[in-house]
Each structure stands twice: as C-alpha cells, then as structure tokens.
Amino acid sequence: MNITVYGAAGDVGKRIVSEALARGHNVIGVVRTKAQFGRLPDNVRPYAADVSDQQQLAPTMKGQDLVISALRPPEGHEDDLPTLTRSVLDGSAAAGVRVLLVGGAGRLLVPGCDGKTVLSAPDFLPSSAVAIARACQAQYELCLGETRVDWTYLSPAAMLTPGDCTGRYRLGTDTLVVDESGVSRISMEDFAMAVLDEAEVPKHVRRAFTVGY
C-alpha cells in the first residue's frame, strides 16, 4: 500500500513508519519542518508540511491508499489537535482516501468505575495528561460526526510506553483493556503493529477500538 503518516517523527509515528516499511509498504512521512527529516527511518519519503494548510496537505494524500494521523501537538498547544484532525478529515474527504487516527484513551470506560471514563474518573489521570486527554476526546467526537470519510479511531491502553515488540495484543471497543493485574498498558512497538494490522485488514471502519495486553 501507499501510506502517508502524519507526525512521523514522533514517538508513536516513527514506530508506525518503521512497522509499515518492514511490511513492504511505500511510506510518506510528514513532519512539521525539514529539520526533522533526520529523525525519520531510512527508506521513508520525507515531506514537510503544515497539516492545517489544505494546499500543503493535498500533495501528501494524492494517490495514497491510506493516511495515518499520529499527530500530537507540543505541550501547551494540546487544543490544536481537534483543528489538525479536522484538516486531515477534510483533506481525506477531498482525496477520497481512508484515514486511521491514533487517538487517546480518555474516551474509554474504566472497569469497575461506575461508568466513568479515563477522562472523567476522579484522580485517574495525572494533571499533566488532562489537557491532551480533553483534546483527544474532542478529536474522537469530530470523528463520530464524520460521514464523508472511512475513518478508524484507535485508542491505546492507559499506559503507552517504549518497549519490546512482543507480537501480541488484545482488542477492545469502548472499555480499557487490562491485564490480569488490572493494569492497562501496551508498548509503542506492539501498538504500531496493531495500527498496521488494521491498516492492512480494516475491521473498524467508521468505528473506534482499543488495544492492550
């Protein structure tokens, strides 16, 4: 497939790019500035663009089979995420291309917490994570209202950290996936594998899902 990845130099984005390349896909890696090209894996086609600008965005979607958004604004600019997501959705609609969005866990129900979500459960999130969780919730709500595009919204486990690629994960829908100890976690490497599994065999078109161990 011909795949474009936005946020390709980020912690999650670069792992998605590497996984896609390892599977033999052709990848355009989109970053904010050319100064970030050195952070991209080998064999990726680098592209610098302001994702909020449709004129810059359009060439990164032309002729592509799929776009993956792994965008995460810098700290202090979390509120930019819904705007950037709207731009990606608008561009995808114009180009007629499927889009897979790396979302947040804030929308997910916490097991045994009386219907509370990661975002609404008292003291579940550290204060430093609240702003991005709220932005991801707004991002998810944008997708729910999107009828022009075949979108998929993938929420990670509560803890998404660098680690090993174990080659395993479990799927969920609207509730945190937790292990036998009640911990919700997944490595960025296994998360990237889940992203590419969905990219290659779409099972959640215009739906959201989650993964964890």
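In this text, all values refer to a predicted model and were calculated from it rather than measured experimentally.

Some words on the nonpolar core
One finds V5, I16, I68, F191 and V195 to be the most contacted residues of the largest nonpolar core, which totals 30 residues. At the level of elements, β1 (2-6), α1 (11-22), β2 (26-31), β4 (66-69), β5 (98-102), α5 (188-200) and β10 (207-212) are the ones that each hand at least two residues to this core. Broken down by element, the residue count for this core peaks at seven residues, all from α5. Ranked by size, the runner-up nonpolar core spans 24 residues in total, among them L81, V97, C143 and W151.

Concerning the packing of α1 against α5
Packing of α1 against α5 leaves a shortest axis separation of 9 Å and a crossing angle of 55°. With respect to each other, α1 and α5 are oriented oblique. The hand of the α1/α5 crossing is right-handed. Of the residues in α5, those in contact with D11, V12, R15, I16, E19 and A20 of α1 are M188, E189, F191, A192, M193, V195 and L196. Of the residues belonging to the contact of α1 with α5, the class tally is nine nonpolar, no polar and four charged.

Brief notes about unusual backbone geometry
Most of the time, phi is negative for any residue but glycine, and the peptide bond is trans. A positive phi angle is found at N43, which is not glycine, with a value near 75°. The exposure class assigned to N43 is exposed, which follows from its relative accessible area of 73%.

Section: the pattern of salt bridges
Inspection of every chain in the model, using the stated rule, returns 11 salt bridges. Of the charged contacts, one joins R23 and E19 as a salt bridge, the two residues approaching to 2.8 Å between their closest N and O atoms. For R23, a relative accessible area of 25% gives the class partly exposed. Between D197 and R23 there is a salt bridge, with the nearest N and O atoms lying 2.9 Å from each other. Residue D197 is found in helix α5, and its partner R23 is found in the loop between α1 and β2; the two are separated by 174 residues along the sequence. You can call D197 partly exposed: its relative accessible area is 27%. Among the charged side chains, a salt-bridge network with shared partners connects E19, R23, D197 and E200.

Let's talk about the environment of G7
Here G7 lies in the loop between β1 and α1. Residue classification places G7 among the buried residues on the basis of a relative accessible area of 17%. Those residues in contact with G7, other than ones at most four positions away along the chain, are G13, K14, V30, A70 and L71.

Points about the pairing of β10
Counted residue by residue, β10 has five buried out of six residues, so it is predominantly covered. Sheet topology places strand β6 (residues 151-155) next to β10; four bridges connect them, and they run parallel. The partner of Y153 across the bridge, within β10, is A208. Strand direction decides the pairing type here: strand β8 (residues 170-172) and β10, joined by three bridges, are antiparallel. From the neighbouring strand, R170 faces β10, where its bridge partner is G212.

Examining the sheet that holds β6
Strands sit in the order β3-β2-β1-β4-β5-β6-β10-β8 across an open sheet of eight strands; the sheet is mixed. Looking at which strands have only one partner, the edges of the open sheet turn out to be β3 (45-48) and β8. Across the sheet, the axes of successive neighbouring strands diverge by a mean angle of 25°, strand direction being ignored. Of the strand pairs in this sheet, β4 and β5 are connected by four bridges, and their pairing is parallel. For I68, the partnering residue across the bridge sits in β5 and is L100. Together, β1, β4, β5, β6 and β10 form the strand contacts of α5, whose direction differs from that of β5 by roughly 160°.

About the thresholds
- Residues numbered from 1 in each chain as written.
- Predicted model: local features only at pLDDT ≥ 70, side-chain atom pairs only at ≥ 80, totals over all residues.
- Heavy atoms only, no water.
- Core = buried A, V, L, I, M, F, W, Y, C linked by side-chain atoms within 4.5 Å.
- Buried < 20%, exposed > 50% of the residue type's maximum accessible area, 1.4 Å probe, protein only.
- Helix = DSSP H or I, 4+ residues; strand = E, 2+ residues; numbered from the N terminus.
- Axes fitted to C-alpha atoms, helices over the stretch in contact; angles between N-to-C directions.
- Parallel < 35°, antiparallel > 145°, perpendicular 65-115°, else oblique.
- Left-handed = near helix turned anticlockwise from the far one by under 90°.
- Contact = heavy atoms within 4.5 Å.
- Nonpolar A, V, L, I, M, F, W, Y, C, P; charged D, E, K, R; others polar.
- Salt bridge = Lys/Arg side-chain N within 4 Å of Asp/Glu carboxyl O.
- Pairing = 2+ DSSP bridges.

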